[in-house]
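Observations on the three-dimensional arrangement
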Amino acid sequence: MKILNFGSLNIDHVYHVDHFVKPGETIPARSFELFPGGKGLNQSVALAKAGAAVYHAGKLGHDGGMLKEILEKSGVNTDYLESTDEVSGHAIIQVSNTGENSIIIYGGSNRTITGEYVDRVLGDFGPDDMVLMQNEINCIDYIARKCYEKGMKIAFNPSPLDEGLLKTFPFELVTLFLVNEIEGHGLTGKSEPDEILDAFMEKYPDSAVVLTLGSRGAVYRDRHTTYCHGTYEVKVVDTTAAGDTFTGYFLSSLSSGLGIPECLKRASAASSLAVSRKGASSSIPTPVEVDEALKTLKYKEFK
Ligand code: RIB
């Protein structure tokens, strides 16, 4: 199975701060670093590192050389990437002393996707393939409809969730949702994990959902079954791209034929490692590191 990730590519401007800046306040940053990022790019890197055959489609800006480079270095196929005269998408990320983040994104070239480009890319994919999307590029409702017509499986990480997405996206076409608690709440109106999962099954009975719950773990549910998995004990340095790492490892494990419990286990170990490191795509571990973590890190039961 080929995995086509139609997704964003961002240059992340990361500032380490003592606390997140408040309205009207000016604060000094303790450090500044540039990293390749974007939910799309991060998920492609995680997929490729985990061993999947992943093709990234999306639009780079004139300043996007480093983004293409990291994809290629990680083993992502970039044949479908296109460049534009726009500025690349970018993110302004504050990281606090406890590793939490606060992010502003500017879409830039990520928002120059056209129907003609989508049709051209999809010409090479069919019913044996899967498309993955997030909500950081334009045209995702068109991509979802076209992929569904072609019989492709659709994995969707509706992040960041916004009003526009809720109004226009054809959620009923999704094969597998990958959501955190905030997205789960936004899509169902429910707050408790079990209620969120029940509401998903009621609204989208033909879909499966993975709900990630941060340090508590993750739950998979489809109409037949539910599986839960905890996390692994690490010192939290930077939570950026933890969800992207989870998504990439989960889907890669799934596409290689592993059962859901094993997919959850590998994705949880990979994202635990990612939060113990700085940066977005640069924090994503290799499968060897994940194997090692599974042997050495202390497992924390699902709560
Ligand atoms: O999920 C983390 C990503 O969100 C960052 O890399 C940033 O670019 C934003 O898109």
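Below or above, wherever it landed, is the structure these notes cover.

Definitions and limits used
Residues numbered from 1 in each chain as written. Predicted model: local features only at pLDDT ≥ 70, side-chain atom pairs only at ≥ 80, totals over all residues. Heavy atoms only, no water. Salt bridge = Lys/Arg side-chain N within 4 Å of Asp/Glu carboxyl O. Helix = DSSP H or I, 4+ residues; strand = E, 2+ residues; numbered from the N terminus. Buried < 20%, exposed > 50% of the residue type's maximum accessible area, 1.4 Å probe, protein only. Pairing = 2+ DSSP bridges. Axes fitted to C-alpha atoms, helices over the stretch in contact; angles between N-to-C directions. Contact = heavy atoms within 4.5 Å. Disulfide = S-S within 2.5 Å. Lys, Arg positive; Asp, Glu negative; His and termini not counted. Polar contact = N/O pair within 3.5 Å; in protein donor to acceptor, adjacent residues only side chain to side chain. Phe/Tyr/Trp six-rings, centres within 6.5 Å; stacked < 30°, edge-to-face > 60°. Lys NZ or Arg CZ within 6 Å of the ring centre and 35° of its normal.

On to the pattern of salt bridges. By the definition in use, this model includes 13 salt bridges. For Lys59, the salt bridge is made with Glu82, and the minimal N-O distance between the two is 2.9 Å. Highlighted residues: Lys59 in strand 5 (residues 59-60) and Glu82 in strand 6 (residues 82-83), separated in sequence by 23 residues. Here Asp194 makes a salt bridge to Arg221, at a shortest N to O gap of 2.9 Å. With Asp194 in helix 7 (residues 193-203) and Arg221 in strand 13 (residues 218-221), this residue pair connects regions lying 27 residues apart in the sequence. In this structure Arg221 comes out as buried when scored by relative accessible area, which is 11%. Each member of the salt-bridge network shares a partner with another, and the members are Lys59, Glu82, Glu116 and Arg120.

The four strands are arranged 3-2-7-8 in an open sheet whose pairing can be described as mixed. A single partner strand is all that each edge strand has here, and the edge strands are strand 3 (31-37) and strand 8 (101-106). Each neighbouring strand pair of the sheet contributes to a mean axis angle of 20°, computed without reference to strand direction. Its contacts with the sheet place helix 2 (residues 65-74) against strand 2 (10-16) and strand 3, and it is angled at close to 60° to strand 3.

Any covalent bond linking the sulfur atoms of two cysteines counts as a disulfide. The full count for this structure, using the stated rule, is zero disulfides. Just so you know, Cys263 is unpaired, no disulfide at all, and the nearest cysteine sulfur is the one on Cys228, 15 Å from it. Take Cys263: its relative accessible area is 0%, and that puts it in the buried class.

Let us now look at the side chain of Glu183. Along the chain, Glu183 falls in helix 6 (residues 181-188). For the buried Glu183, no salt bridge is present, and the opposite-charge side chain at shortest range is Lys39, 6.3 Å distant. Polar side-chain contacts of Glu183 include one of 2.9 Å to the side chain of Ser159. Discounting residues that sit within four places of it in the chain, Glu183 has contacts with Asn157, Pro158, Ser159, Leu161 and Leu178.

A few words now on the packing of aromatic side chains. Evaluation of the coordinates by the stated rule reveals 16 aromatic pairs. Measuring from ring centre to ring centre gives 4.2 Å for Phe156 and Phe169, while their planes differ by 15°; the resulting arrangement is stacked. Of the two residues, Phe156 sits in strand 10 (residues 153-156) while Phe169 sits in the loop between helix 5 (163-168) and strand 11 (176-180), which places them 13 residues apart along the sequence. The class of Phe156 is buried, set by a relative accessible area of 0%. Taking relative accessible area as the criterion, Phe169 reaches 6% and is therefore assigned buried. Between the aromatic rings of Phe156 and Phe171, the centroid separation amounts to 6.2 Å while the plane-to-plane angle is 45°, which identifies the pairing as tilted. Pair noted here: Phe156 is in strand 10 and Phe171 is in the loop between helix 5 and strand 11, with a separation of 15 residues, a long-range link. Per residue, the accessibility class of Phe156 equals that of Phe171, and both read buried. What links up through ring pairs into an aromatic cluster is the set Phe156, Phe169, Phe171, Phe177, Phe200 and Tyr204. Over the face of the ring belonging to Tyr55 we find Lys2, whose NZ or CZ atom lies 5.6 Å from the ring centre.

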